[in-house]
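What follows is each chain in one-letter form.
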Amino acid sequence: MEQSNGNKQNDGNLQQGNLRGGRLQVNYLDAPLGVDGEEVRFSWQLTSPERGIAPAASQVRIATSEAALQAVRADVWNSGKRRGSAQYMDYTGPTLRGRSRFWWQVSVWDSTGQRTISDPAYFDTGLCAQDWQAEWIWRSGEVVVNDFAYLRKAIEVKGPAAYAKIFVSAHNTMQLFLNGQRIGGWGTPAPTNPQKTKYYAAYDVTTMLMNGENTLAAAAHYLGGGGQNYVDGKPGFRLQLEVDYADGTSQTFKSDSSWQSLVQMPHTVGTPYQQRRRISAIEQVDARIAGSDWLYPGYAGDNCTPAVAGGIGCDAYPMKWQPLPEGRIETYMVPTKLSSPEASDAQLFDAGRVVSGWPSITLPGIAGLTVRLRYSEDLDEQGLVKHNVCNEQSEHYYDEYTMRGDEREAWQPDFSYKAFRYVEVNGYPDPIIPGEHLRIASAHTALEQVGRFRSSDQLLNDMYDACIRTQTNNALGQLTDCPHREQAQYLADSDLQAETLLYNFDAGYHAVEKVLSDFADGQSEEGVFPFVYPSNMDDPDFAIQIPEWDLHFCTLLWKLYESSGDKRLLARYYEPARRMVDYYLGIIHPAIGLAPVEKGWHISDWPYPEVDHSSAYLTVQNIKLYKAAAVVAKLAAKTGRKQEGKAYQAAANRLRVQINRRLFNKKQGKYLDCLGSEHMHQGVNALAVHYGVAREPMHAALASYAAASVWESRTVLSLPLLRMLFEHGHAQAAYRLINRKEYPGWGYMISQGARTMWEGWDDIESHSHAWNGYPARLLQEYVAGIRPVTPGYAKVEIRPYMPEGLSFAEAEITTPFGNLAAGWARDEEQGTTSIVVRLPVGVQANLIVALPAAVGKDGKIVVKESGNLLCSGERSGDEHCNEGAAGSVAGVVHYEQTATELVIGLTHGRYRFVLGAAMAD
């Protein structure tokens, strides 16, 4: 059985020419199982043992079978030989039919004319709207909050299957079985607004079907309580199995009223919500009811009744295959058992850090005994698990299992993600042994970590690891702010998460695009966004707006474009971006020229900010509006809307003039927090520089002011603060803020034993908040020095910062061309600095190195690459220096030495440079 999320890697195995390797992907996924036929992009990664070998042309061929692909003429599409170095191609052939497998192959020619041909790869299309025959079904026609449905269908398979696919969805989630075997991941499908987009999963079950009777079964869960991180909709389950037989015939099995529903179910219906925000229900499971026989062929069915229509019309929910990977269990952790208070029968366990997922128990059964599992980040004064969810009181953050009485019983409450450090087990009389009886499932969306960072400073290494753990904890079918209290998707939080996500995870593209898609679906008629989405906006508690957060839609979209280079994104989300910006430009006061505080919350910084909000005209809001309007201007220009682009840029420029006129204190040379304020927050001024509102002559002075100020920025404004410092001559000040162990800061969290990042600087509230994970990106980008120059990483800059006290640092990031790595190390005894760079095919880089302290007063330096001399010590006139060095070593296309730095231009390949002072004669 193959999963629906397309995470099976196809290395492509390009052979014959100078170009080799190659990961073949369709829509940025490996062998996806449900591609929408309207927008298909093929891409490939390449390697070469020779530096400087570049693709010069490519050709994609598609066929209905692997055999047809080998024919002289592919029977679906042949792109023809297309000139250019692009390592992707968009499909422009005839409409691809649904529910089909297609085979494809790419040929690449290098600059010498040699051709390489990949091994065949495949992708599947999903069900087209007209192909859906399955009905939405449920156990009854009644809508019940926190409901479950156990559904089954015996089917007769009439012979060997050549190809069999299941297409399945539920509202809200489901767990699927075929002949008793679990299929798929967790948290499926991911949450959306079903009236706009309803995800389904697809599974290849060709090898799982048996001749004769087979049983399809599912346990489905409906929330329906108006919670914060989903849309209620109606309960339903929908499945369609398409079987193509070896004899050429086909058969469709579908959910309808012929399915059976269990009357008595192990799960209790209508249990309380675990959080006050109504995110997940208590799982109360009685194993004495139903057992597992209902999952298998031959079940008598005496506990069954016919399923009924689920109250959802066949076309009510627009179906879309889910490109985001499903949830998975990354690992099972063995917790530490803690001592319990003398007066308590509870058994306590410590996972060692905050983890998203659930406990898993395997215990000798005691018939009728109920075991309760309670969760928290904290312990109370007695040493028991607190009755809370993060910082919010809750008596219901637990799950319960009533035992059947088997020799050994295994169970895990896996219909929802919990997040906790501590587990308290109540009700079981015998000692529970960690690892044997209790494990912790670390579970989340299946994001593959491909980035890394290591250095000579363990604090930085621990900080990077904590950032990565925090991000994986908060990928739960959507990018969540925290994995326990809210599990909610915010625009600003997602924008901050995207920093580390897009550098370190291979599914970052789909995770970030889901945020954009969800908020586009949730956009109001007037153009503004909900404060979180998906959500139930009918509830007053969730019908909130944060104008500053709305404006992050544009910067998040641009960030994803810069990471991927995919211009299709700009066209796809231009309208929601434009409509949002139009709203805020439309409320600008005609006399003042600034956008005023309007409805909703207004957050310039968070948490516990010190920015002055006493005026109706906030500086941060107006700076973010300027940036959003400037982004829309670029979107318009890049999507062929030149006149609209000019109009939005003019609007942005007018706003910039008014910000500098009304919110800038000329006497002090700093930006005010708001109109009429006397406070000039360092983060507000950093944002003005970072987003280009401040005039360039002011950048140096504002950066110096921020560097000399007491650190008053919180999580939101510390990102532009650090970027401004790194990029405007104060790298040392920025590094000290990251690396400090004193309060406040990320280093303080780590020094206090944190293994995930907190919500803010203080040891309160959430201890796993993903928006505080961006130091991982800053370490890779500034300390190791890896930075994109053009969208999609075709050109990058390697500019390492080598602070005093750090002897080495190295990083690796993901790019559309493959992984890119860079690192440096100092040898104090030898007086040399080594720099290692690995560039994938398709990427060019400028390596920019500040001249090391070992350089003599005359500026002489020796530079070698893999033992080959680039510069012998003279700054000019030497055949081994400056432009004379370019071409003397393969892959080096430019060499320049100034009074302060070296600039070395590189094509793809692996490099090892050694820099040192020239030896005296």
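## A word on the overall build of the protein chain
In step 1: Secondary structure assignment for the protein chain yields 16 helices and 47 strands.
In step 2: The globule rule puts the C-alpha radius of gyration for 921 residues at 29 Å, and the 29 Å found for the protein chain is close to it.
In step 3: Reported as C-alpha extents along the three principal axes, the dimensions of the protein chain are approximately 95 × 70 × 60 Å.
In step 4: Within the protein chain, buried positions represent 61% of all 921 residues.
In step 5: In the protein chain, 72% of the contacts between residues at least 6 apart in sequence involve partners at least 24 apart.
In step 6: Of the accessible surface of the protein chain, which amounts to about 33700 Å², a share of 47% is contributed by carbon and sulfur atoms.
In step 7: Of the side-chain charges in the protein chain, 86 are positive and 106 negative, and the distance between the mean point of each set is 7 Å.

## Focus on the nonpolar core
In step 1: Within the largest apolar cluster, 162 residues are counted, with the highest numbers of intra-cluster contacts made by Trp746, Val863 and Phe913.
In step 2: In this structure, Val863 is in contact with Asn868, Leu869, Leu870, Cys871, Tyr895, Leu902, Ile904, Phe913, Val914 and Leu915, ignoring residues within four places of it in sequence.
In step 3: Grouped together as the second largest cluster of nonpolar side chains are 31 residues, Leu151, Ala218, Phe253 and Ala307 included.

## Some words on the sheet that holds strand E41 (residues 832–839)
In step 1: Strand order in the open sheet made by the 7 strands is E34-E39-E40-E41-E47-E43-E44, with antiparallel pairing throughout. Two strands in the sheet have a free side with no partner beyond their single neighbour: strand E34 (452–455) and strand E44 (868–871). Between one strand axis and the next, the sheet turns through 15° on average, direction left out of account.
In step 2: Sheet topology places strand E43 (residues 861–865) next to E44; 3 bridges connect them, and they run antiparallel. Along E44, the bridge assignment pairs Val863 with Cys871.
In step 3: Sitting on the sheet, helix H3 (residues 491–504) is in contact with E34 and strand E39 (808–815), with an inclination near 85° to E39.

## Details of the packing of helix H2 (residues 458–473) against helix H16 (residues 775–783)
In step 1: Across the interface, H2 lies against H16 with an axial gap of 8 Å and an inter-helix angle of 125°. Overall, the two elements H2 and H16 adopt an arrangement that is oblique. Listed contacts from H16 to Leu460, Met463, Tyr464 and Cys467 of H2 are Pro775, Ala776, Leu779 and Gln780.
In step 2: Classifying every residue of the contact of H2 with H16 gives 7 nonpolar, 1 polar and no charged.

## Side note on the confidence of the model for the protein chain
In step 1: Per-residue confidence for the protein chain gives a mean pLDDT of 94; residues scoring 70 or more make up 96%.
In step 2: Every residue in residues 1–9 scores below 50 in pLDDT, and together they form 44 contacts with partners more than four places removed in sequence or on other chains.

## Regarding the side chain of Arg723
In step 1: Within the secondary structure, Arg723 is located in helix H13 (residues 715–727).
In step 2: Each residue touching Arg723, except ones within four places of it in the same chain, is listed here: Glu499, His690, Arg777, Leu778, Glu781, Tyr782 and Arg787.

## A closer look at the pairing of strand E14 (residues 181–188)
In step 1: Relative to E14, strand E13 (residues 173–178) runs antiparallel, the two sharing 4 bridges. Bridge assignment links Leu176 to a residue of E14, and that residue is Ile183.

## Section: the environment of Arg99
In step 1: Examined against the element boundaries, Arg99 turns out to sit in the loop between strand E6 (88–90) and strand E7 (101–110).
In step 2: On a C-alpha basis, the gap between Arg99 and Phe167 in space is 9.1 Å, while along the polypeptide they are 68 residues apart.
In step 3: In this view, Arg99 contacts Thr125, Gly126, Leu127, Tyr163, Phe167, Glu242, Val243 and Asp244; residues no more than four positions away in its chain are not counted.

## Some remarks on the pattern of salt bridges
In step 1: Scanning the entire structure with this criterion turns up 47 salt bridges.
In step 2: The residue Arg23 makes a salt bridge to Asp30 at a minimum N-O spacing of 2.6 Å.
In step 3: Overall, the relative accessible area of 16% leaves Arg23 in the buried class.
In step 4: By relative accessible area, Asp30 is classed as buried at 2%.
In step 5: Between Glu448 and Arg328 there is a salt bridge, with the nearest N and O atoms lying 2.7 Å from each other. With Glu448 in the loop between strand E33 (438–445) and E34 and Arg328 in strand E24 (residues 327–333), the pair connects residues that are 120 residues apart, well separated along the chain.
In step 6: In the salt-bridge network here, residues are joined through shared partners; they are Asp495, Glu499, Lys559, Arg723, Glu727, Arg777, Glu781 and Arg787.

Calculation criteria
- Residues numbered from 1 in each chain as written.
- Predicted model: local features only at pLDDT ≥ 70, side-chain atom pairs only at ≥ 80, totals over all residues.
- Heavy atoms only, no water.
- Helix = DSSP H or I, 4+ residues; strand = E, 2+ residues; numbered from the N terminus.
- Rg over C-alpha atoms; globule rule 2.2 N^0.38 Å.
- Buried < 20%, exposed > 50% of the residue type's maximum accessible area, 1.4 Å probe, protein only.
- Contact = heavy atoms within 4.5 Å.
- Areas by Shrake-Rupley, 256 points an atom, 1.4 Å probe, with all protein chains shown as cover.
- Lys, Arg positive; Asp, Glu negative; His and termini not counted.
- Charge placed at Lys NZ, Arg CZ, Asp CG, Glu CD.
- Core = buried A, V, L, I, M, F, W, Y, C linked by side-chain atoms within 4.5 Å.
- Pairing = 2+ DSSP bridges.
- Axes fitted to C-alpha atoms, helices over the stretch in contact; angles between N-to-C directions.
- Parallel < 35°, antiparallel > 145°, perpendicular 65-115°, else oblique.
- Nonpolar A, V, L, I, M, F, W, Y, C, P; charged D, E, K, R; others polar.
- pLDDT = per-residue confidence, 0-100.
- Salt bridge = Lys/Arg side-chain N within 4 Å of Asp/Glu carboxyl O.

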